[in-house]
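# Summary of the model geometry
What follows is each chain in one-letter form.
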Amino acid sequence: MNLGDKSVYQIYIKSFKDSNGDGIGDINGITSKLDYIKGLGVDYIWITPFFLSPQEDNGYDIADYYKVDPMYGTMADLDNLITSAKNIGIELMFDMVFNHCSTDNVWFKRALEGDEKYKDYFIFKKGKKENNTPPTNWKSKFGGSAWEYVPNLDEYYLHLFHRTQADLNWDNPEVRAECANIVNFWIKKGIKGFRFDVINLISKPKEYLDDDDGDGSRFYTDGAKMHEYLRELNQVSFGKYNDIVTVGEMPSSDLENCVKYSNPKNKELSMIFDFKHLRVDYVPGNKWDNQAFDIKRLKDNLFGWQLAMSKAGGWNALFWNNHDQPRIVSRIGNDSEQYRVKSAQSLATLMYLLLGTPYIYQGEEIGMTNAYFSDISHYRDVESINVYSDLLNEGYSEKTTLEKIQAHSRDNSRTPMQWNGEELSGFSTTKPWLELNNNYQTINAEKDLNSEDSIYEYYHKILQLRKDNKLIQNGRVEELFHNDTDIIGYLRTDGQQQIKVICNLSDKELPNEFFRDGELLIGNYEDSNAKQTTIRPYEAVVIKEK
Ligand code: ISL
Ligand code: CA
């Protein structure tokens, strides 16, 4: 399947559209907006988990992989969405959270009762002999220890995330079979896409040792059996079909593994999410330690990865945003009144004409921004709330701590989708589960679609350009002007023809030393052209050179 002309729209279901007035987005809300999504020109909709869940981590804590959580609707609603999407040429991509499940899952409940079969679905270990402290000093990504003690078993269980998200034991063939059954169940329901959540954490070490200079992640990231387990899952489920797209979320992975995960010859996954290009506005290794955006680091990370992956036959998801990341236009663009639209368009041009498959996250197509909530009480994300108290305990002032949360909280991308300027922005008819961004009267889909300079329309043109251009779908990427600190430029070339992409990521008007002649394919200024003498603030120009 040609992944170069496909694109995906990611929906964070809880915040997309509420159809029944309970303040929570739902399945019928998505169905009601299919035409809006279709208008962008995407081929898939990735929907974040809507399965039965106690919502400790907004659905990434699954209690039953086969059931639709009533807060999102019914299986009939889902069947209706699947059919309605297919009728307009859109396939669905479901989110498979297989590194862990909710402690409300019947598997874990049976384990707690001491059922040996189900205890082996998880990672239970005795505490340290000397003082029954946790088996290792590993840290949970949501703060605190990665182990939770169960008194009646006198054992700890591993949870790399929240303590209600118990890690599954993938060394147990029964667990692997359970996961394959889940994928096959949804394939039978007509699902043609799967996103695998933190899938490169599933292969745990034989021995559980303390990590003397880290949080333990080096012991379980890209573990020894990763490729064996992914190839097995491929063979017994989605790999039996030639029309199912899969993507693995691979936090903190490396090039060698990501090529293996995504090179079609390996029969593992279709593509991967890597995050290195987003490590450009914080101190590496500590996302809460803000630092000024470093364009050089962006160029090194983005093109270093692009070139190496394409040379080795790997395949990337192309993305700036998702439900865990702050909004890119606030992060490295410019969310001021003057430049928000242009910088959103320039960033889209930079990312979505590269080699890979674009993933557009709800709201980025209308330039939604970070929330900048004025107090921690407005935040809902378990990670942000835990980190807020950790940072205060580390001695940071309330002001500095809030600034850190405002900059990097996952809630920045989870505020309700802004549909129009009416009360509650057309998201719901009642107070939403998470407050709206207070700029919804000026930034919303209705306003953008009716504006002269619509970001949504610009995204549509970019995706159309991909569909129309083999060079963009599969041409080689060659970076240009590497040392320039305002402009990011690259070629898409097959050795004969070439398309030049020039993006100004600054608010400066610069002399045009970047292109001369050719056919303008797209530009984000009304009068962008191939012969212009300057590059304007946040201007993007794409030229097919003679
Ligand atoms: O946002 C992050 C914290 O910096 C990421 O590291 C994120 O936690 C990581 O990429 C894993 O994310 C996925 O698994 C989590 C879930 O909370 C996220 O929403 C999901 O995208 C646990 O399931
Ligand atoms: Ca609802």
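Every residue gets a number counted from 1 within its own chain, in the order that chain's sequence is written. A letter from A marks each chain and a number from 1 marks each ligand, given out in the order of writing. Residue-level local features of this predicted model are given only where pLDDT is at least 70; pairs of side-chain atoms are given and counted only at 80 or more, and the full residue set underlies all totals for whole chains, interfaces and linings. Side-chain numbers here rest on the full set of heavy atoms in the structure, without hydrogens or water.

Put simply, helix α9 (residues 255-262) and helix α10 (residues 295-311) touch, their axes get as near as 10 Å, and they point 50° apart. Judged by the inter-axis angle, α9 sits oblique to α10. Of the two possible hands of crossing, α9 and α10 adopt the one that is right-handed. Note on element contacts: α10 touches α9 through W305, A308 and M309, opposite L255, C258, V259 and S262. Each residue belonging to the contact of α9 with α10 can be placed in one class, and the counts come to six nonpolar, one polar and no charged. All axes are obtained by fitting lines to C-alpha atoms, using only the stretch in contact for helices, and the reported angles, taken between N-to-C directions, cover 0 to 180 degrees. Secondary structure elements are taken from DSSP: a helix is a run of H or I of four residues or more, a strand is a run of E of two residues or more, and numbering for both begins at the N terminus. Reported orientations rely on four angle classes, namely roughly parallel under 35 degrees, roughly antiparallel over 145, roughly perpendicular from 65 to 115, and oblique for the rest. Two helices cross in a left-handed way if the nearer one is turned anticlockwise from the farther one by less than a right angle. They cross in a right-handed way if the turn is clockwise. By definition in these notes, contact holds between two residues if any of their heavy atoms fall within 4.5 Å. For this classification, Asp, Glu, Lys and Arg are treated as charged, while Ala, Val, Leu, Ile, Met, Phe, Trp, Tyr, Cys and Pro are nonpolar and the rest, including Gly, are polar.

On to the site of ligand 1, then. Put simply, a residue is near a molecule or strand once any heavy atom of it comes within 4 Å of that molecule or strand. D57, D197, E249, D324 and R410 are the nearest of the 16 residues found near ligand 1. Pairs of N or O atoms are called polar contacts if they sit within 3.5 Å, as long as, within protein, a hydrogen donor faces a hydrogen acceptor (for residues adjacent in sequence, only side-chain-to-side-chain pairs). In the model, an oxygen atom of ligand 1 is placed 2.5 Å from a nitrogen or oxygen of the D57 side chain. Between ligand 1 and the protein, one listed contact pairs an oxygen atom with a side-chain N or O atom of R410 at 2.8 Å. The cavity that encloses ligand 1 is the largest pocket. Grouping the constituent residues of the shell around ligand 1 by class yields four nonpolar, three polar and nine charged. Cavity: a set of points on a 1 Å grid over the protein atoms alone where a 1.4 Å probe fits but cannot get out. Pocket: an open set with protein on both sides within 12 Å along at least five of seven lines, its lining residues, like those of a cavity, having an atom within 4 Å of a point. Each molecule is checked against the cavity or pocket grid, and it sits inside if more than half of its atoms lie within 2 Å of the grid points.

This part is about empty space enclosed by the protein. Grid points are joined across faces, edges and corners, and a volume is the space filled by probe spheres set on the points. Scanning all chains against the criterion turns up three cavities of 30 Å³ or more. Computed from the structure, the largest cavity encloses a volume of approximately 110 Å³. Every residue lining the largest cavity is listed: D274, K276, H277, N301, L302, W305, Q306, N316, A317, L318, F319 and M351. Take the lining of the largest cavity: its biggest share by element is four residues, from α10.

Water is not among the atoms examined, so metal sites may look incomplete; donors are the N, O and S atoms within 2.8 Å of the metal, or within 3.2 Å for Na, K and Ca. Protein coordination at the calcium ion (ligand 2): the donors are D18 (OD), N20 (OD1), D22 (OD), I24 (O) and D26 (OD), at 2.2 to 2.4 Å from the metal. Mapped onto the sequence, the donors of the calcium ion (ligand 2) take the spacing D-x1-N-x1-D-x1-I-x1-D.

This brings us to the pairing of strand β9 (residues 155-158). Using a 1.4 Å probe on the protein chains alone, a residue whose accessible area is under 20% of its type maximum counts as buried, one over 50% counts as exposed, and one in between counts as partly exposed. Alternating residues of β9 divide into E155 and Y157 and Y156 and L158, and every residue in both groups is buried. Each pair of strands is called paired provided DSSP finds at least two bridges between the two strands. Taken together, the four bridges between strand β8 (residues 147-150) and β9 define a ladder with antiparallel strand orientation. Directly across from W147, in β9, lies its bridge partner L158. Taken together, β8 and the strand that follows it, β9, pair antiparallel across an intervening segment of four residues, in which D154 is found at a positive phi of about 50°.

Here the focus is the sheet that holds strand β11 (residues 193-196). Strands sit in the order β13-β12-β11-β5-β2-β1-β15-β14 across an open sheet of eight strands; the sheet is parallel. The open sheet has two edge strands, β13 (271-273) and β14 (317-318), and neither has a second partner.

What follows covers the pattern of salt bridges. For this document, the term salt bridge refers to a Lys or Arg side-chain nitrogen within 4 Å of an Asp or Glu carboxyl oxygen. Per the counting criterion, the structure on display carries 40 salt bridges. Across the pair K128 and D210 runs a salt bridge, and its minimum N-O distance is 3.1 Å. With K128 in the loop between β7 (124-125) and β8 and D210 in the loop between β11 and α7 (217-220), this pair connects stretches of sequence that are 82 residues apart. On the basis of relative accessibility, which here comes to 31%, the residue D210 falls in the partly exposed class. Of the charged contacts in the structure, one is a salt bridge between E228 and K225, with a shortest N-O distance of 3.9 Å. Bridged by salt links that share partners, the residues D57, K287, D324, D381, E383, R410 and R414 form one connected network.

Moving on, we get to helix α12 (residues 340-352). An ideal rise of 1.5 Å per residue puts 18 Å on 13 residues; α12 measures up with 18 Å between its terminal C-alpha atoms. In terms of burial, α12 is a largely internal element, twelve of the 13 residues being buried. Of all the positions in α12, only R340, K342, S343, A344, Q345, S346, L347, A348, T349, L350, M351 and Y352 are classed as buried. Helix span, expected: 1.5 Å multiplied by one less than the number of residues in the helix.

The subject of this paragraph is the environment of D289. When you line up the elements, D289 lands in the loop between β13 and α10. A residue is classified by how much of its surface remains accessible, and D289, at 25% relative accessible area, is partly exposed. Residues D289 and S330, spaced 41 residues apart in sequence, show a C-alpha to C-alpha distance of 16 Å. Ignoring sequence-local partners within four residues, the contact set of D289 consists of Y282, V283 and K404.

Within the secondary structure, D57 sits in the loop between β3 (51-52) and β4 (64-68). For D57, the residues in contact, after removing those within four places along its chain, are F142, Q165, V382 and R410.

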